[in-house]
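This is what each chain is made of:
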Amino acid sequence: MSINLQRRCGYFVVHILWFIFSNNRVNGCILSHQLARIQTDSIAAKLKELYPEVTLEIIGMTTTGDKILDTALSKIGEKSLFTKELETALEKNEVDLVVHSLKDLPTSLPPGFTIGAILKRENPHDAVVLHPQNAGQTLATLPQNSVIGTSSLRRAAQLKKRFPHLDFKDIRGNLNTRLKKLDDKEDYSAIILAAAGLKRMGWDARISQILEPEDCMYAVGQGALAVEVRARDTEILEMVSVLHHKDTVLRCIAERAFLRTLEGGCSVPVAVHSELKDSQLYLTGAVYSLDGSDSLKETMQATLSAVNTGAERVEERVDEQVQRVGVTAAKIWGPDQDSAERLGSGLAELLISRGAREILAVARQLNDAR
């Protein structure tokens, strides 16, 4: 989603870009379109409440990545397929902000762009959606050789290790296409989806089980929405900065720094879990082989001086050079952001010293060969 801000007769007009889909797409395009619109509308509503004088105009756009439904993201290779056209519109001043699922944004953005806001995180965990005939079961209680649908290398690697009695099979398509494949046939006993997407669609009732960190840690940035803007557009940066949710920002900076240092992405199994409690930021990170048989997992923590203290801090000047893993958050105490970034990088370096890059290199090679 993106927003265009123009002055017209003394007031601002904001164009919000959201993803639309071609009529020739496979069944299920309508509800994927619906999820994008729900996420767009949630941002628009917050901005309208904060800036009632702003007129919001919603515009639609299709991205190359949205058109590819028959290939797993790990095989497509580039998350930029979902963002490139949107950033082109930003660069040409056709729009002023783009709203993404944060997990879809690479940890290094192209020059001239920044993440101007990260909103309060929805539940970041993964959810089990059971075939109706398996109601009341869990992954642990499903029969031997039950087939679980997921195209996520991260999910499959962790769950293969945790539940070796289950079989895992790729499942293609967007959210409602996957649900339709689950319900209409008996090919899958269950599928794994992000809880956040199901909740935003109002489909909480379909969630059979939330996977806790000991079963399956989540993707970097999962559950959070991010607003991407032009890095030098201080007016827009100031406008959207009030949408930042401090705890989510600090957790996600640590997670993104972890992934950036590992040089990971969707083509390798990397997972995280973060928590901020009593001014302590905890980050657990892990890397896995494709079958989950080889893994490294560690936890580190950092003290964040300004968290929940209510202390007044000097804000940083809005500056495109002041970014942490692509995030500009001038209203959040800079040293705490630095601590979060160091935490993520430090945890990654610890895993690298123990062989993480070798595990990921083999995983990447095997995934490319599939």
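Thresholds applied
Residues numbered from 1 in each chain as written. Predicted model: local features only at pLDDT ≥ 70, side-chain atom pairs only at ≥ 80, totals over all residues. Heavy atoms only, no water. Helix = DSSP H or I, 4+ residues; strand = E, 2+ residues; numbered from the N terminus. Buried < 20%, exposed > 50% of the residue type's maximum accessible area, 1.4 Å probe, protein only. Contact = heavy atoms within 4.5 Å. Areas by Shrake-Rupley, 256 points an atom, 1.4 Å probe, with all protein chains shown as cover. Pairing = 2+ DSSP bridges. Axes fitted to C-alpha atoms, helices over the stretch in contact; angles between N-to-C directions. Expected span 1.5 Å × (residues − 1). pLDDT = per-residue confidence, 0-100. Salt bridge = Lys/Arg side-chain N within 4 Å of Asp/Glu carboxyl O. Polar contact = N/O pair within 3.5 Å; in protein donor to acceptor, adjacent residues only side chain to side chain.

Visitor: Could you clarify how one ought to interpret the overall build of the chain in this entry?
Guide: Looking only at helices and strands, the chain has 11 helices and 14 strands in total. With 370 residues in all, the chain has 56% of them scored as buried. Contacts spanning at least 24 positions in sequence make up 72% of the contacts within the chain whose residues lie at least 6 apart. Counting every atom, the chain has about 15900 Å² of accessible surface; 48% of that belongs to carbon and sulfur.

Visitor: Looking at this model, I keep getting lost on the sheet that holds strand β13 (residues 280-288). Mind explaining?
Guide: Pairing within the open sheet is antiparallel, and its 3 strands lie in the order β12-β13-β14. The sheet terminates laterally at β12 (270-277) and β14 (295-303), the two strands that pair on one side only. When the angles between neighbouring strand axes are averaged without regard to direction, this sheet yields 10 degrees. For β13 and β14, the ladder comprises 9 bridges, and the chain directions are antiparallel. Note that in β14 the partner of Val-287 across the bridge is Leu-296. Sheet strands touched by helix α9 (residues 246-262): β12 and β13. Its angle to β12, the strand with the most contacts, is close to 150 degrees.

Visitor: Is there a simple way to think about the environment of Ala-36 in this case?
Guide: Secondary-structure assignment places Ala-36 in helix α1 (residues 29-50). Taking relative accessible area as the criterion, Ala-36 reaches 10% and is therefore assigned buried.

Visitor: I would appreciate a short explanation of helix α10 (residues 334-353) in the present structure.
Guide: Every α-helix carries 3.6 residues per turn, so stepping three or four residues along brings you back to the same face. Between the first and last C-alpha of α10 there are 28 Å, a value that for 20 residues agrees with the 28 Å anticipated at 1.5 Å per step. Phi for Gly-355, located one or two positions after α10, is positive at around 110 degrees.

Visitor: I'm lost on the confidence of the model for the chain in this one. Help?
Guide: Detailed reading of the predicted model is not advised wherever pLDDT is low. Mean pLDDT over the chain: 85, with 81% of residues reaching 70 or higher. In the predicted structure, residues 65-69 sits below a pLDDT of 50 and forms 15 contacts with residues beyond four places in sequence or in another chain.

Visitor: Can you walk me through the pairing of strand β9 (residues 190-194) in this structure?
Guide: Every regular strand shows the same layout, with side chains that alternate between the two sheet faces. In terms of burial, β9 is largely enclosed, as 5 of its 5 residues are buried. Burial of β9 is two-sided: the residues Ala-190, Ile-192 and Ala-194 facing one way and the residues Ile-191 and Leu-193 facing the other way are all buried. As defined by bridge partners, strand β6 (residues 126-130) adjoins β9 across 5 bridges and the pair is classed as antiparallel. By the bridge assignment for β9, Ala-127 is matched with Leu-193.

Visitor: Looking at this structure, I do not really get the pattern of salt bridges. What am I missing?
Guide: Between side chains of opposite charge, a pair can form as their charged atoms come close. In total, this model carries 17 salt bridges according to the counting rule given. Between Asp-233 and Arg-230 there is a salt bridge, with the nearest N and O atoms lying 3.0 Å from each other. Each member of the pair, Asp-233 as well as Arg-230, is classed as buried. As a salt-bridge pair, Glu-341 and Arg-260 come within 3.2 Å of each other at their nearest N and O atoms. Residue Glu-341 is located in helix α10, and its partner Arg-260 is located in helix α9; the two are separated by 81 residues in the primary sequence. Classification of Glu-341 by relative accessible area gives buried; the value is 16%. Overlapping salt bridges bring together Asp-96, Arg-230 and Asp-233 as one network.

Visitor: Is there a simple way to explain the side chain of Arg-154 in this structure?
Guide: As for its placement among the helices and strands, Arg-154 is situated in helix α5 (residues 153-162). Reaching out from Arg-154, the side chain makes a polar contact with the backbone oxygen of Met-217 at a distance of 2.7 Å. In terms of polar contacts, Arg-154 uses its side chain to reach the side chain of Gln-222, at 3.3 Å. Here Arg-154 is in contact with Asp-126, Cys-216, Met-217, Tyr-218, Ala-219, Gln-222, Pro-269, Val-270 and Ala-271, once residues within four sequence places are set aside.

Visitor: Where do I start with the side chain of Arg-256 in this structure?
Guide: Mapping Arg-256 onto the fold places it in helix α9. Contacts of Arg-256, omitting those with residues within four sequence positions, involve Leu-102, Leu-105, Pro-106, Thr-107, Ile-115, Val-220, Val-325, Gly-326 and Val-327.

Visitor: Please clarify how the environment of Ser-279 should be interpreted in this entry.
Guide: One can find Ser-279 in the loop between β12 and β13. A residue is classified by how much of its surface remains accessible, and Ser-279, at 19% relative accessible area, is buried. Expressed as a C-alpha distance, the spacing of Ser-279 and Asp-336, which sit 57 residues apart in the sequence, is 10.0 Å.

Visitor: Where do I start with the sheet that holds strand β8 (residues 167-169) in this structure?
Guide: Strands pair in a sheet through their backbones, by hydrogen bonds, and they do so in one of two ways: parallel or antiparallel. One open sheet accounts for 5 strands, arranged β8-β7-β9-β6-β10; its pairing is mixed. Edge strands, defined here as strands with exactly one partner in the open sheet, are β8 and β10 (209-210). In this sheet, β10 lies alongside β6 in antiparallel orientation, the contact comprising 2 bridges. Each bridged residue has a counterpart across the sheet, and for Ala-127 the counterpart in β10 is Ile-210. Against the sheet, α5 engages β6, β8 and β9, with an angle of about 130 degrees to β9. Those strands touched by helix α6 (residues 175-184) are β6 and β9, and its axis lies near 165 degrees from that of β9.

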